[in-house]
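# Commentary on secondary and tertiary structure
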Amino acid sequence: MNSTPQTVEYSGVDGITLVADEWNRGAADGRPSVLMLHGGGQNRFSWKNTGQVLADLGFHVVALDSRGHGDSDRAPDADYDVDTLTDDVMHVLGAIGRPVVLIGASMGGLTGILVADRAGPQRVTRLVLVDVVPRFEKQGSARIRDFMFSGLDGFDTLEQAADAVAAYLPHRTKPRSPEGLKKNLRLRDGRWYWHWDPAFMTKPGDDPQLRTEKFEDAAAGLTIPVLLIRGKLSDVVSPEGVQHFLATVPGAEFVELSEAGHTAAGDDNDAFSDVVVSFVSR
């Protein structure tokens, strides 16, 4: 089995092109495929290590760039509403054509809740939520927005971008070289810009209270196995938010990663991958 990722394209709503990395297409051993959805301002490379681990175990894995992120098309009319993201993923599920386990971080996790609810248990057989619950902490969420806004004008050097990330993620060891950031940045007119559509940040959103209720209602209806992974250092998901989620989704399992924050998959990838593999392989 060829477990190096291939870059592929899917069609989303109204034919928008969504780019993904795919491992082991055609793996037909009766196991579900694994579809991975990144957080806001991230891209499919957030999953490269965990995707590879799952692929090496023989799973068919797809790591998707959401619209406006990474190499996927930017949305016409800056339509980044979570319902549209959900519709995009429904198109991708149709193209994959087999049951999937959904793994979603942050924005991707909230999308995953709505997708799992809409697709039903035959099509989405398990759901992994990475440091996200419907009642997330507004302060932590605001810190993400501040970090994303701070880079809208770009950076003179990769080192500057690395400093910005280090300030946002003080618990994470700063890499010796900023070269790895090239997957998340693009050089334009001598400056480095994050590789997502700035309109994703600037478009007015809907009523936060109604949104929270929508996610809670969808989560409460889930009958599939659900795993919530929290980074213990997270300021986005609080212990209270976890308790509320576990009360809303009685069958859900919960794991906390002691060395990780909100960006759990990148903070402690080995521990994260171990937890995911054990849940997906069951």
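Scoring rules and cut-offs
- Residues numbered from 1 in each chain as written.
- Predicted model: local features only at pLDDT ≥ 70, side-chain atom pairs only at ≥ 80, totals over all residues.
- Heavy atoms only, no water.
- Phe/Tyr/Trp six-rings, centres within 6.5 Å; stacked < 30°, edge-to-face > 60°.
- Helix = DSSP H or I, 4+ residues; strand = E, 2+ residues; numbered from the N terminus.
- Salt bridge = Lys/Arg side-chain N within 4 Å of Asp/Glu carboxyl O.
- Buried < 20%, exposed > 50% of the residue type's maximum accessible area, 1.4 Å probe, protein only.
- Pairing = 2+ DSSP bridges.
- Axes fitted to C-alpha atoms, helices over the stretch in contact; angles between N-to-C directions.
- Contact = heavy atoms within 4.5 Å.
- Domains from an automatic or database assignment.
- Buried area = accessible area lost by both parts, 1.4 Å probe.
- Polar contact = N/O pair within 3.5 Å; in protein donor to acceptor, adjacent residues only side chain to side chain.
- Nonpolar A, V, L, I, M, F, W, Y, C, P; charged D, E, K, R; others polar.

In the annotation of an unreviewed UniProt entry, the entry for the chain reads Peroxidase, and the organism field reads Mycobacterium kyorinense.

Time to look at the packing of aromatic side chains. What characterises a pair of aromatic rings is the spacing of the ring centres plus the angle enclosed by the ring planes. This structure, assessed with the given rule, holds five aromatic pairs. Note on Y80 and F200: the rings are 5.7 Å apart at their centroids and 80° apart in plane angle, and the pair reads as edge-to-face. Of the two residues, Y80 sits in the loop between strand 4 (61-64) and helix 2 (82-96) while F200 sits in helix 6 (residues 199-202), which places them 120 residues apart along the sequence. Taken together through their ring pairs, the aromatic side chains of F147, F155, Y168 and W194 make up a single cluster.

Counting across every chain of the model gives 17 salt bridges. Between D88 and R67 there is a salt bridge, with its nearest N and O atoms 2.6 Å apart. In this pair, D88 sits in helix 2 while R67 sits in the loop between strand 4 and helix 2, placing the two residues 21 residues apart along the sequence. As far as burial versus exposure is concerned, D88 and R67 are alike and both buried. Between D156 and R191 there is a salt bridge; the shortest N-O distance is 2.4 Å. Within this pair, whereas D156 is found in the loop between helix 4 (138-150) and helix 5 (158-168), its partner R191 is found in strand 8 (residues 191-194), the two being separated by 35 residues in sequence. On the accessibility criterion, D156 (45% relative accessible area) is partly exposed. Salt bridges here are not isolated pairs; linked through shared partners, they connect D21, R44, D65, D71 and R186.

Moving on, we get to the sheet that holds strand 9 (residues 226-231). Read from one edge of the open sheet, eight strands run 1-2-4-3-5-6-9-10, paired in mixed fashion. If you trace the sheet from one side to the other, it starts and ends with strand 1 (6-11) and strand 10 (253-257), each paired once. Between one strand and the next, the sheet's axes are offset by a mean angle of 20°, whatever the strand orientation. In terms of strand pairing, strand 9 meets strand 10 through five bridges, oriented parallel. Considered in strand 10, the bridge of G231 is made with L257. Where helix 2 meets the sheet, its contacts fall on strand 1, strand 2 (17-23), strand 3 (33-37), strand 4, strand 5 (100-105) and strand 6 (124-130), and the angle it forms with strand 3 comes to roughly 160°. The sheet strands contacting helix 8 (residues 239-248) are strand 6, strand 9 and strand 10, and the helix crosses strand 9 at an angle near 175°.

For the rest of this paragraph, the subject is the domain arrangement of the chain. Along its sequence, the chain is carved into domain 1 (6-137 + 208-281) and domain 2 (140-198). Relative to domain 2, the C-alpha centre of domain 1 lies at a distance of 23 Å. Taken residue by residue, the interface counts 21 residues in domain 1 and 16 residues in domain 2. Carbon and sulfur atoms supply 49% of the area buried between domain 1 and domain 2, which totals about 1500 Å² over both sides. Among the residues domain 1 hides against domain 2, the three largest losses belong to F45, R74 and D235. Together they make up 28% of the total. Between the two partners, domain 1 and domain 2, sit 16 residue pairs in polar contact (both at pLDDT 80 or more). Of the residues in the side of domain 1 that touches domain 2, the class split is six nonpolar, ten polar and five charged.

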